[in-house]
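This is what each chain is made of:
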Amino acid sequence: MMVKACIFDLDGVLCHTDEFHYLAWKRISDELGLGFDRTLNEQLRGVSRRESFEIILRYNGIRLPEETIRYAMDKKNMWYREYLLRMSPSDLDSDVRPTLVRLHELGLLLAVGSSSRNARLILDRLGITGMFDAIVDGAMISNSKPDPEVFLKASKSLAVQPSGCVVIEDALSGIEAAKAGGMNFIAYRLHDPSLEKEVLHAENFGEILKLVTASIRRAR
Ligand code: B16
Ligand code: MG
């Protein structure tokens with residue numbers, strides 16, 4: 001790969017808000033008497049709020065009136081934001097900031113590509129908003145992952161061809177989106193049997209840095 005830009009997923013990669021999503025969905029599911037567990041929660045990674053709730057409803061085999069759907073999504077988001085407001089820069093894994101700095105020093109452009117409408121709040125709470133050359137979030141797209149829209153918008157805004165971008169993702173929906181957009185990708189803490197053997201994997205930001213640096217060296 002000839003990498004000029006890294007596009008980071010947010011929830012599950014740059015931060016651990018995935019646990020907050022789980023807790024908030026669990027709470028609203030309990031209130032409505034819906035079944036919800038960690039296995040089902042895995043299917044919601046990278047998927048928009050609306051589609052997430054539709055997955056929960058399908059799993060429970062029920063339909064709800066639009067009014068109740070809106071009530072559930074709003075309440076889930078209210079609880080989720082309560083968790084977010086408790087976050088601070090100390091919630092950032094220690095290798096995230098130095099890795100972003102090093103990637104910039106290597107001449108790479110950096111972007112965030114997230115399905116979340118709360119992306120800017122999260123980046124602000126973590127104190128890393130200013131480290132990115134582009135931020136594309138859930139409010140800026142019409143189709144969430146696995147549609148490539150979020151990553152294509154980021155690549156466009158960075159003025160880097162999709163083939164020059166590497167997407168770092170923790171969700172299958174995000175890997176599908178990167179593939180559909182013609183981008184390189186690294187599966188982050190994601191070990192799913194459906195992924196091909198040759199897919200690049202990273203368990204921490206140090207490993208991301210190694211993979212990206214190696215690809216730059218090979219390209220020179
Ligand atoms: P919100 P990502 C995604 O973020 C989450 O993985 C997914 O669980 C969530 O439903 C979606 O954002 C929408 O989030 O309710 O905050 O708009 O992984 O694409 O950064
Ligand atoms: Mg994610």
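Residues numbered from 1 in each chain as written. Chains lettered and ligands numbered in written order. Predicted model: local features only at pLDDT ≥ 70, side-chain atom pairs only at ≥ 80, totals over all residues. Heavy atoms only, no water.

**A few points about the coordination of the magnesium ion (ligand 2)**
Next, step 1: In this structure, Asp 9 (OD), Asp 11 (O) and Asp 170 (OD) serve as the protein donors to the magnesium ion (ligand 2), at separations of 2.0 to 2.2 Å.
Next, step 2: Of note, the magnesium ion (ligand 2) draws all its donor residues from one chain, in the sequence arrangement D-x1-D-x158-D. In this pair, Asp 9 sits in the loop between strand S1 (5-8) and helix H1 (18-32) while Asp 170 sits in the loop between strand S4 (165-169) and helix H8 (172-180), placing the two residues 161 residues apart along the sequence. (Donors = N, O, S within 2.8 Å, 3.2 Å for Na, K, Ca; no water. Helix = DSSP H or I, 4+ residues; strand = E, 2+ residues; numbered from the N terminus.)

**Digging into the domain arrangement of the protein**
Next, step 1: Taken as a whole, the protein is organised into domain 1 (5-15 + 89-219) and domain 2 (18-84).
Next, step 2: Taken residue by residue, the interface counts 14 residues in domain 1 and 12 residues in domain 2.
Next, step 3: Where domain 1 abuts domain 2, roughly 1100 Å² becomes buried across the two surfaces, and 44% of that area is made up of carbon and sulfur atoms.
Next, step 4: Of the charged contacts, one joins Asp 170 and Arg 45 as a salt bridge, the two residues approaching to 2.6 Å between their closest N and O atoms.
Next, step 5: The interface formed by domain 1 and domain 2 includes 8 residue pairs in polar contact (both at pLDDT 80 or more).
Next, step 6: Residue classes in the side of domain 1 that touches domain 2 are distributed as 4 nonpolar, 5 polar and 5 charged. (Domains from an automatic or database assignment. Contact = heavy atoms within 4.5 Å. Buried area = accessible area lost by both parts, 1.4 Å probe. Salt bridge = Lys/Arg side-chain N within 4 Å of Asp/Glu carboxyl O. Polar contact = N/O pair within 3.5 Å; in protein donor to acceptor, adjacent residues only side chain to side chain. Nonpolar A, V, L, I, M, F, W, Y, C, P; charged D, E, K, R; others polar.)

**Thoughts on the site of ligand 1**
Next, step 1: If you check the shell around ligand 1, you find 19 residues, and the closest are Asp 11, Val 47, Arg 49, Ser 116 and Asn 118.
Next, step 2: Asp 9 has a polar side-chain atom sitting 2.8 Å from an oxygen atom of ligand 1.
Next, step 3: Within the contact set of ligand 1, an oxygen atom lies 2.8 Å away from a backbone nitrogen or oxygen of Gly 46.
Next, step 4: Within the residue set of the shell around ligand 1, elements represented by two or more residues are helix H3 (49-60) and helix H4 (66-85).
Next, step 5: Taken together, the residues of the shell around ligand 1 sort by class into 4 nonpolar, 8 polar and 7 charged.
Next, step 6: Taken domain by domain, the makeup of the shell around ligand 1 includes at least three residues from each of domain 1 (5-15 + 89-219) and domain 2 (18-84). (Near = heavy atom within 4 Å.)

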